[in-house]
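What follows is the residue order along each chain.
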Amino acid sequence: MRFFIFVKPDELKVTFNYSKKDKLKSKKLIEQLFTEGKAVTAYPLRLVYLKTEFEDGSPLKTGVSVSKRLHKTAVSRNRIKRLLREAYRLNKPLYFNTSSNSYAFMILYLSKDGTTFDKLDRSIKLLFKKFLAKNELLVKPSDPNTSDT
């Protein structure tokens with residue numbers, strides 16, 4: 001038995017993937033992000049964001065960063081960045097599927113200590129909620145783990 005799901009192209013703007021076109025690579029845009037951008041913090045994460053338009057039409061471009069001063073070895077920095085990207089990838093559609101605006105994001109890890117995926121996942125959910133509340137875009141995510149109260 002086969003099932004087919006027909007979806008209009010404009011219905012799914014944000015998906016679970018984190019492809020090359022979703023990554024923040026432009027040095028000019030990164031500089032602009034840190035000079036003109038705004039920020040929200042949910043320790044140990046900080047989200048610096050800037051509302052902008054992209055030539056390729058993608059709704060979000062995101063970069064992650066871990067301080068070399070706080071995490072001396074490349075192994076620990078790369079592990080935290082991998083966990084950050086995965087937590088971002090899994091939570092992005094829950095919070096930004098209904099967004100019609102384009103944003104550039106940079107997610108910074110602020111703590112000296114190492115972390116686990118569960119801690120980062122909770123922190124990134126809180127960070128996205130703060131971002132949406134600050135920008136008056138708060139729409140309840142379709143997450144079965146969050147309560148409606």
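Provided above is the structure to which this section pertains.
Residues numbered from 1 in each chain as written. Predicted model: local features only at pLDDT ≥ 70, side-chain atom pairs only at ≥ 80, totals over all residues. Heavy atoms only, no water.

Novice: Residue-level account of the overall build of the protein chain, with values.
Specialist: Regarding its fold elements, the protein chain presents three helices and four strands. Counting the 149 residues in the protein chain, one finds 39% classified as buried. The contacts of the protein chain with a sequence gap of at least 6 include a subset with a gap of at least 24, amounting to 80%. Just so you have it, the protein chain exposes about 9900 Å², and 53% of that area is on carbon and sulfur atoms. (Helix = DSSP H or I, 4+ residues; strand = E, 2+ residues; numbered from the N terminus. Buried < 20%, exposed > 50% of the residue type's maximum accessible area, 1.4 Å probe, protein only. Contact = heavy atoms within 4.5 Å. Areas by Shrake-Rupley, 256 points an atom, 1.4 Å probe, with all protein chains shown as cover.)

Novice: Go over unusual backbone geometry with me, naming the residues and quoting the values.
Specialist: The omega torsion of the bond from Tyr 43 to Pro 44 falls at 15 degrees, within 30 degrees of zero and hence cis. Mapped onto the elements, Pro 44 comes out in the loop between strand 1 (38-42) and strand 2 (45-51).

Novice: Break down the pairing of strand 1 for me, citing the residues and quoting the values.
Specialist: Here strand 1 runs beside strand 2; their pairing, made up of five bridges, is antiparallel. Paired with Ala 42 across the strands is Leu 45, a residue of strand 2. Here strand 1 folds back onto strand 2, and the loop between the two strands holds two residues. (Pairing = 2+ DSSP bridges.)

Novice: Any details on the nonpolar core? Residues and values, ideally.
Specialist: Ranked by internal contacts, the top residues of the largest apolar core, which has 26 residues, are Leu 45, Leu 84, Tyr 88, Phe 96, Phe 105, Ile 107 and Phe 131. Contributing elements (two or more residues each) for this core: strand 1, strand 2, strand 3 (60-66), helix 2 (74-96), strand 4 (103-109) and helix 3 (117-134). Top contributing element to this core by residue count: helix 2, with seven residues. Sequence-distant contacts of Phe 105, that is, excluding residues within four places in its chain, are made with Leu 24, Leu 33, Leu 47, Val 48, Tyr 49, Leu 60, Lys 61, Thr 62, Gly 63, Tyr 88, Phe 96 and Phe 131. Formed by nine residues, the second largest nonpolar core is a distinct cluster that contains Leu 24, Leu 29, Val 48 and Leu 50. (Core = buried A, V, L, I, M, F, W, Y, C linked by side-chain atoms within 4.5 Å.)

Novice: Kindly report on the sheet that holds strand 2, identifying the contributing residues and their values.
Specialist: In spatial order, the strands read 1-2-4-3; together these four strands make up an open sheet with mixed pairing. One side of each edge strand has no neighbouring strand; the edge strands of this open sheet are strand 1 and strand 3. In this sheet, adjacent strand axes meet at a mean angle of 20 degrees when their direction is disregarded. In the packing of helix 1 (residues 27-36) onto the sheet, the strands contacted are strand 1, strand 2 and strand 4, and the crossing angle to strand 4 comes to about 75 degrees. (Axes fitted to C-alpha atoms, helices over the stretch in contact; angles between N-to-C directions.)

Novice: Can you tell me about the side chain of Asn 91, naming the residues and giving the values?
Specialist: For Asn 91, the position within the fold is in helix 2. Taking relative accessible area as the criterion, Asn 91 reaches 2% and is therefore assigned buried. At 2.7 Å, the side chain of Asn 91 forms a polar contact with the side chain of Asp 121. Apart from the residues lying within four places of it in its own chain, the contact partners of Asn 91 are Asp 121, Ile 124, Lys 125 and Phe 128. (Polar contact = N/O pair within 3.5 Å; in protein donor to acceptor, adjacent residues only side chain to side chain.)

Novice: Help me get a handle on the side chain of Thr 52, residues and values and all.
Specialist: Structurally, Thr 52 can be placed in the loop between strand 2 and strand 3. Judged by its relative accessible area of 19%, Thr 52 is buried. Setting aside anything within four residues of it in sequence, one finds Thr 52 in contact with Leu 29, Ser 102, Tyr 103 and Ala 104.

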